[in-house]
Amino acid sequence: MDRNTAIAQLTEYALRSGLIEPCEKTWAVNTVLDVLKLDSFEECGELPGGVELEEVLGTLLDDAAERGIVEDDISHRDLFDTELMGRLTPRPAQVIAKFRELYGENPEKATDWYYKFSIATDYIRSYRVKKDMKWTATTEYGELDITVNLSKPEKDPKAIAAAKKAPQGDYPKCQLCPSNEGYAGRINHPARQNHRIIPITIDGREWFFQYSPYVYYNEHCIVFNKQHVPMVIDRSAFRKLLDFVRQFPHYFVGSNADLPIVGGSILSHDHFQGGRYDFAMAKAPVEREISFAGFEDVSAGIVKWPMSVIRLRCADSERLAELADKILLRWRGYTDEAAFIFAETEGEPHNTITPIARRRGEDYELDLVLRNNITTEEHPLGVYHPHQELHHIKKENIGLIEVMGLAVLPARLKTELSELGEALVAGRDIRFDETLSKHADWAEALREKYSFTADNADGILKYEVGRVFAEVLEHAGVFKRTVSGQEAFLRFVADCR
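A brief look at the structure comes next. Numbers given for residues are sequential positions, taken from 1 along each chain in its written order. Local features are withheld for residues below a pLDDT of 70 in this predicted model, meaning they are given only at 70 or higher, and side-chain atom pairs are given and counted only at 80 or more; totals for whole chains, interfaces and linings count all residues. The side-chain numbers reported here are obtained from all heavy atoms of the structure, hydrogens and water having been left aside.

1. Quick notes on the pairing of strand β10 (residues 309–314)
Okay, step 1: Only protein chains enter the accessibility calculation, which uses a 1.4 Å probe. A residue is then buried if its area is under 20% of the maximum for its type, exposed if over 50%, and partly exposed in between. Put simply, DSSP H or I for four residues or longer makes a helix, DSSP E for two residues or longer makes a strand, and each gets a number counted from the N terminus. Taking burial as the measure, the six residues of β10 include five buried ones, the bulk of the element.
Okay, step 2: In this structure, strand β9 (residues 299–303) lies alongside β10, joined through four bridges in antiparallel fashion. Within the sheet, the bridge partner assigned to I302 lies in β10 and is I310.
Okay, step 3: Any two strands between which DSSP finds at least two bridges are classified as paired. Linking two consecutive strands that pair antiparallel, namely β9 and β10, is a turn of five residues.
Okay, step 4: Where β10 lies against strand β14 (residues 363–372), six bridges are found, and the strand directions are antiparallel. Bridge pairing links I310 to L368 in β14.

Given below as structure tokens:
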């Protein structure tokens, strides 16, 4: 595809995707020419169909790099093609008006349109998301979702060095701030000219709604505070979560915890994550019913899940928020030395909650996942965190998405699992393999369980990765699924009464 055809294809794509109107085609061509530093264009005849946006943008990026308009590395190419798409993206007022018009008809219509729009503008690079490895693994807790994250591009050393040298600006303050909308980006901050956010009001507060550009699950959305304020789990957070699912009953929404180790990657900006997806935890049954004095109208129970989850359900969201706050406040100050639960050590608080809200018909449901971030010399990354023997698969924090049953695993596993499978089939010792030695103990245990062949190695490894992830979640559970662990769980429940 030549440059001229690519410009015509990009304009046609914008028209077909609803980003521009037919009367705007000439304007669209000219604005693209401006970005490309070109001053002429020849009308094309009938364009071939079936051309993907990735190919069109790739042609224009290659041409721009050859002419010295853009540096030829992933960071600069991303900045440049985002500017291209940003020129073709409708203004915020148009997007908000369309969303509100559709919301007036039906909330699902509004989110369906907005999600497709976010893909059409290339804010969600769907062709990258498709590269992620995804599978499910059967465990005693249900079908866990496993993802090897390949959609975040690997930066080359030159780009990494440039990012380190670049000035560390304070605008936008973080990647969640509303000031990202339309921002041109820089080498150490993504461009967002093609990004549009939707203002919403939850529990009387001004927040915004957008989709995650990485889409770890269907319609993965982010709901974030207008103000750059830290994450806080409190009664107001419960009320906001429940108000969001009142307005968008087809979505769930949850919050990362508000302490390091057990929280998410961004604790500095108050936000939630949600979407249209049923995680394994949402499908997990209540295995023991419990009750709380004064809240007989709220059904409550302990969920059959590797982590410690109290599930509350009621038609009255205010009652749920009230009881959740009572449990949270008790948990914040709760110590049970026999169960190695300490509310604080040397003035540092350890207990918090990861909450998740959803609708069940006319009822509201709230899952409260008890978290603790204490560390010891034996477990410097966290006692209730994946332990050392599991770091060959998962070392990172267990945030909201993992808590619900979706493993987001590092990109290195794509190559490592493939090479490990080959080594297991060949019977090769990997203890002195620089890349695979981290998996040596695991591989030895697997050899005792299975007879590996070229046909079954991939399936076995995927299944066993799922089992490792289930164990990761068990490590993150504060009350273990043992007799003594469940007795300790019930002691806490009794303490809340």
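2. Some words on the packing of aromatic side chains
Two aromatic rings, taken as a pair, are described by how far apart their centres are and by the angle between their planes.
Okay, step 1: Pairing of aromatic rings covers Phe, Tyr and Trp, the last counted by its six-membered ring, and requires centre-to-centre distances within 6.5 Å; plane angles under 30 degrees mean stacked, over 60 mean edge-to-face, and any other angle means tilted. In this structure the tally under the stated criterion is 30 aromatic pairs.
Okay, step 2: Aromatic side chains Y277 and F279 sit 4.9 Å apart centroid to centroid with 75° between the ring planes, which places their arrangement in the edge-to-face category.
Okay, step 3: Take Y277: its relative accessible area is 29%, and that puts it in the partly exposed class.
Okay, step 4: An aromatic cluster is built from F99, Y103, Y114, Y115, F209, Y211, F244, F248 and Y251, whose rings are joined through pairwise contacts.
Okay, step 5: Either the NZ atom of lysine or the CZ atom of arginine qualifies as a charge over a ring when it sits within 6 Å of the ring centre and within 35 degrees of the ring normal. Positioned above the aromatic ring of Y364 is the side chain of R359, whose terminal nitrogen or guanidinium carbon lies 4.1 Å from the ring centre.

3. Focus: the pattern of salt bridges
Okay, step 1: By definition, a salt bridge exists where a carboxyl oxygen of Asp or Glu is found within 4 Å of a side-chain nitrogen of Lys or Arg. Under the defined criterion, the tally for this structure stands at 41 salt bridges.
Okay, step 2: The closest approach of N and O atoms between D63 and R67, which form a salt bridge, is 2.9 Å.
Okay, step 3: Between R276 and E219 there is a salt bridge, with the nearest N and O atoms lying 3.8 Å from each other. Separated by 57 residues along the polypeptide, R276 in the loop between β7 (271–275) and α10 (280–283) and E219 in the loop between β4 (205–211) and β5 (221–225) bring together distant segments of the chain.
Okay, step 4: Note on E219: relative accessible area 5%, which makes it buried.

4. Here's the deal with the sheet that holds strand β3 (residues 198–202)
Where strands meet in a sheet, backbone hydrogen bonds hold them as pairs that are either parallel or antiparallel.
Okay, step 1: Strand order in the open sheet formed by 10 strands is β3-β4-β5-β7-β6-β13-β14-β10-β9-β8, with antiparallel pairing between adjacent strands. Edge positions in the sheet fall to β3 and β8 (286–290), since each has one partner strand and no second. For this sheet, the mean inter-axis angle between neighbouring strands, taken without regard to orientation, is 25°. Orientation is described by lines fitted to C-alpha atoms, with helices fitted over the stretch in contact, and by angles between N-to-C directions that extend from 0 to 180 degrees.

5. Quick word on the side chain of H387
Okay, step 1: Mapped onto the fold, H387 is located in the loop between β14 and α12 (400–403).
Okay, step 2: Residue class for H387 comes out buried when judged on its relative accessible area of 16%.
Okay, step 3: Sequence-distant contacts of H387, defined by excluding residues within four places in its chain, comprise H379, G382 and H475. Whether two residues are in contact is decided by their heavy atoms: any pair within 4.5 Å suffices.

6. Observations regarding the nonpolar core
Side chains of nonpolar character tend, in soluble globular proteins, to be buried together.
Okay, step 1: Within the largest apolar cluster, 94 residues are counted, with the highest numbers of intra-cluster contacts made by F209, V223, F244, F292, L312, I327 and F479.
Okay, step 2: No other element matches the seven residues that helix α11 (residues 317–332) contributes to this core.
Okay, step 3: Within the second largest apolar cluster, 54 residues are counted, among which are I401, L409, A440 and V465. In this text, buried Ala, Val, Leu, Ile, Met, Phe, Trp, Tyr and Cys residues form a nonpolar core when linked through side-chain atoms within 4.5 Å.

7. Section: helix α14 (residues 440–449)
Okay, step 1: Among the residues of α14, those classed as buried are A440, W442, A443 and L446. Viewed end-on, α14 has its buried residues packed into an arc of 155°, placing them on one side of the element. Exposed and facing more than 90 degrees away from the buried side of α14 are D441 and E448.
Okay, step 2: Contact partners of the buried residues in α14: α13 (412–426) and α15 (457–476). Working note: the arc is built from the helix axis to C-beta atom directions.

8. Observations regarding the sheet that holds strand β1 (residues 133–139)
Okay, step 1: The strand order across the open sheet formed by three strands is β1-β2-β15, and the pairing between neighbours is mixed. The open sheet has two free edges, formed respectively by β1 and β15 (406–409), since each of these has just one partner strand. Neighbour-to-neighbour, the strand axes of the sheet open up by a mean angle of 25°, direction not taken into account.
Okay, step 2: The pairing of strand β2 (residues 142–148) with β15 spans four bridges and is parallel.

9. A short note on the packing of helix α9 (residues 235–247) against α11
Each pair of packed helices can be described by the angle between their axes along with the distance between the axes.
Okay, step 1: Contact pair α9 / α11: the axes reach a minimum separation of 9 Å and the direction vectors enclose 145°. The hand of the α9/α11 crossing is right-handed. Counted together, R235, F238, R239 and L242 of α9 and S317, E318, L320, A321, E322, A324, D325 and L328 of α11 form the full contact between these two elements.
Okay, step 2: Within the contact of α9 with α11, the residues separate by chemical class into six nonpolar, one polar and five charged. Should the near helix be turned anticlockwise from the far one by less than a right angle, the crossing is termed left-handed; should it be turned clockwise, right-handed. Amino acids outside the nonpolar list (Ala, Val, Leu, Ile, Met, Phe, Trp, Tyr, Cys, Pro) and the charged list (Asp, Glu, Lys, Arg) are all regarded as polar, and Gly is one of them.

10. A few points about the environment of R412
Okay, step 1: With respect to the secondary-structure elements, R412 resides in helix α13.
Okay, step 2: Each C-alpha atom, one on R412 and one on T435, is 9.5 Å from the other, the two residues being 23 residues apart in sequence.
Okay, step 3: Residues in contact with R412, not counting those within four places in the same chain, are H391, H392, I393, K438 and H439.
Okay, step 4: In protein, a polar contact means a hydrogen-donor-capable atom and an acceptor-capable atom, both N or O and within 3.5 Å, with residues adjacent in sequence counting only if both atoms are side-chain atoms; elsewhere, any N or O pair within 3.5 Å suffices. Among the polar contacts listed, one links the side chain of R412 to the backbone oxygen of H391, at a separation of 3.3 Å.

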